[in-house]
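Okay, here's what each chain looks like letter by letter:
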Amino acid sequence: MIFLKGEEYMKSKENFVDYSLYLVTERQMLRNISMEEAVEQAILGGVTLVQLREKDVTTLEFYNIAVKVKKITDKYSIPLIINDRLDIALAVDAAGLHVGQSDMPAKVARKILGDNKILGVSAATINEALQAVEDGADYIGTGAVFATDTKKDAKYVNIRQLKEITGKISIPVVAIGGINEDNIDILKGTGIKGVAVVSAIMGKENIRKASENLKKTWETCRKGR
């Protein structure tokens, strides 16, 4: 997989986005390490996409964190996705934005972002997924596929539903929710393009090693599809 920077990357997003190991950040899980260090270690371990998620900070704090993290993702030509906050995504010129069903409507976000940015949408049903495609999403985040402590209000999507979603839409689907080394294999044959993880990386003492292990496990799973 080749990664590009800036406008060249954005113009080629459909061909160059690797969704295989998608990191969603959670600062509260970090163990004596800064967010920038954690993201860098995760990338060195094999993370291919980073979503910066900050729920309980001021706009200024979110902006400052995003600026620091983007320096790291740019260094390795890894796309940075901002969760929910369109203003932050635009302010730091992130690669894209991810929105949920209770966030800004995807159709509105796409109009403001323009065509050259990545837009991800959370979808737990076929109808939500189809609507996201119609609204201009580049990929779908579907879950929670397993029990998770990182999002208490998450809807659950079973393997049958996951297969139905991937079978109905043409854009990439990334599974999320409680995914770790021990259960990735269950996702074999579902048609997903990658796995999004939080605690399986952010909650580990050796973030690089955790990322390496997850990447190897996912690659083995994907080859078995």
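Preceding this section is the structure that the text describes.
Note that the structure is predicted; figures quoted are calculated from it, not measured.

*Asks:* Would you explain the overall build of the protein chain in this entry?
*Replies:* Along the protein chain, the regular secondary structure elements total 10 helices and eight strands. Summarising its shape, the C-alpha atoms of the protein chain cover approximately 40 × 40 × 35 Å along the three principal directions. Long-range contacts, defined as pairs at least 24 residues apart, comprise 61% of the intrachain contacts of the protein chain with a sequence gap of at least 6. Entry remark: accessible area of the protein chain is about 10,800 Å², with carbon and sulfur atoms responsible for 47%. Once the 32 positive and 30 negative side-chain charges of the protein chain are each reduced to a mean point, those two points are 3 Å apart.

*Asks:* Hey, could you run me through the environment of E54 in this one?
*Replies:* Within the secondary structure layout, E54 lies in the loop between β2 (49–52) and α4 (59–75). Sequence separation between E54 and T25 is 29 residues, and the spatial gap between their C-alpha atoms is 7.9 Å. Within the structure, the side chain of E54 is placed 2.8 Å from the side chain of R27, a separation counted as a polar contact.

*Asks:* Can you walk me through the sheet that holds β2 in this structure?
*Replies:* On the basis of which strands lie adjacent, the closed barrel formed by eight strands has the order β1-β2-β3-β4-β5-β6-β7-β8 and parallel pairing. Taking the axes of each pair of neighbouring strands and ignoring which way they run, one obtains an average angle of 25 degrees across the sheet. Summarising the sheet, strand β7 (residues 173–176) and strand β8 (residues 194–197) pair through three bridges and their orientation is parallel. Paired with A175 across the bridge in β8 is V195. Lying over the sheet, α4 contacts β2 and β3 (80–83), oriented at roughly 160 degrees with respect to β3. Against the sheet, helix α8 (residues 159–168) contacts β6 (139–143) and β7, and its axis sits at roughly 160 degrees relative to β7.

*Asks:* Is there a simple way to think about the pattern of salt bridges in this case?
*Replies:* Close approach of charged atoms allows side chains of opposite charge to pair. Taken as a whole and assessed by the stated rule, the structure comprises 12 salt bridges. In this structure, R160 engages E164 in a salt bridge whose closest nitrogen and oxygen atoms are separated by 2.9 Å. Here the residue R160 and the residue E164 both occupy positions in helix α8, the gap between them amounting to four residues, near one helical turn. Residue class for E164 comes out partly exposed when judged on its relative accessible area of 33%. The residue E212 makes a salt bridge to R208 at a minimum N-O spacing of 3.6 Å. Of this pair, E212 and R208 are both found in helix α10 (residues 207–223), four residues apart, which corresponds to roughly one turn of the helix.

*Asks:* Just checking my understanding: could you explain the side chain of R110 for this structure?
*Replies:* Residue placement: R110 occurs in helix α6 (residues 106–113). Reaching out from R110, the side chain makes a polar contact with the side chain of D138 at a distance of 2.6 Å.

*Asks:* When you look at the environment of A124 in this model, what are you seeing that I'm missing?
*Replies:* Position of A124 relative to the elements: it lies in the loop between β5 (118–122) and α7 (126–135). According to the relative accessible area criterion, A124 is buried, its value standing at 12%. Remark: the alpha-carbon pair of A124 and A144, spanning 20 residues in sequence, is separated by 8.0 Å. Contacts of A124, omitting those with residues within four sequence positions, involve G143, K155, V157 and I165.

*Asks:* How do you make sense of unusual backbone geometry when you look at a structure like this?
*Replies:* Omega for the peptide link from G143 to A144 comes to 10 degrees, which places this bond in the cis form. The backbone of N32 shows a phi angle near 55 degrees, a positive value even though the residue is not glycine. Here N32 shows up in the loop between β1 (21–24) and α3 (35–45).

*Asks:* Would you explain the pairing of strand β4 (residues 96–99) in this entry?
*Replies:* Side-chain positions along a regular strand alternate between the two faces of the sheet. Residues G96 and H98 of β4 are buried on one face, and the alternating residues L97 and V99, pointing to the opposite face, are buried as well. Examined bridge by bridge, β3 and β4 share three bridges and lie parallel to one another. The residue of β4 that forms the bridge with I82 is L97. You can see the chain leave β3, run along helix α5 (residues 86–91) and come back into β4, and the turn it takes is right-handed. Pairing geometry for β4 and β5, over four bridges, is parallel. From the neighbouring strand, G96 faces β5, where its bridge partner is I118. In this fold, the crossover linking β4 to β5 by way of α6 has right-handed handedness.

Cut-offs used in this document
Residues numbered from 1 in each chain as written. Predicted model: local features only at pLDDT ≥ 70, side-chain atom pairs only at ≥ 80, totals over all residues. Heavy atoms only, no water. Helix = DSSP H or I, 4+ residues; strand = E, 2+ residues; numbered from the N terminus. Contact = heavy atoms within 4.5 Å. Areas by Shrake-Rupley, 256 points an atom, 1.4 Å probe, with all protein chains shown as cover. Lys, Arg positive; Asp, Glu negative; His and termini not counted. Charge placed at Lys NZ, Arg CZ, Asp CG, Glu CD. Polar contact = N/O pair within 3.5 Å; in protein donor to acceptor, adjacent residues only side chain to side chain. Pairing = 2+ DSSP bridges. Axes fitted to C-alpha atoms, helices over the stretch in contact; angles between N-to-C directions. Salt bridge = Lys/Arg side-chain N within 4 Å of Asp/Glu carboxyl O. Buried < 20%, exposed > 50% of the residue type's maximum accessible area, 1.4 Å probe, protein only. Right-handed = clockwise from strand over helix to strand, strands pointing away.

It is worth stressing that arrangement in space is one thing and function is another; only the former is reported here.
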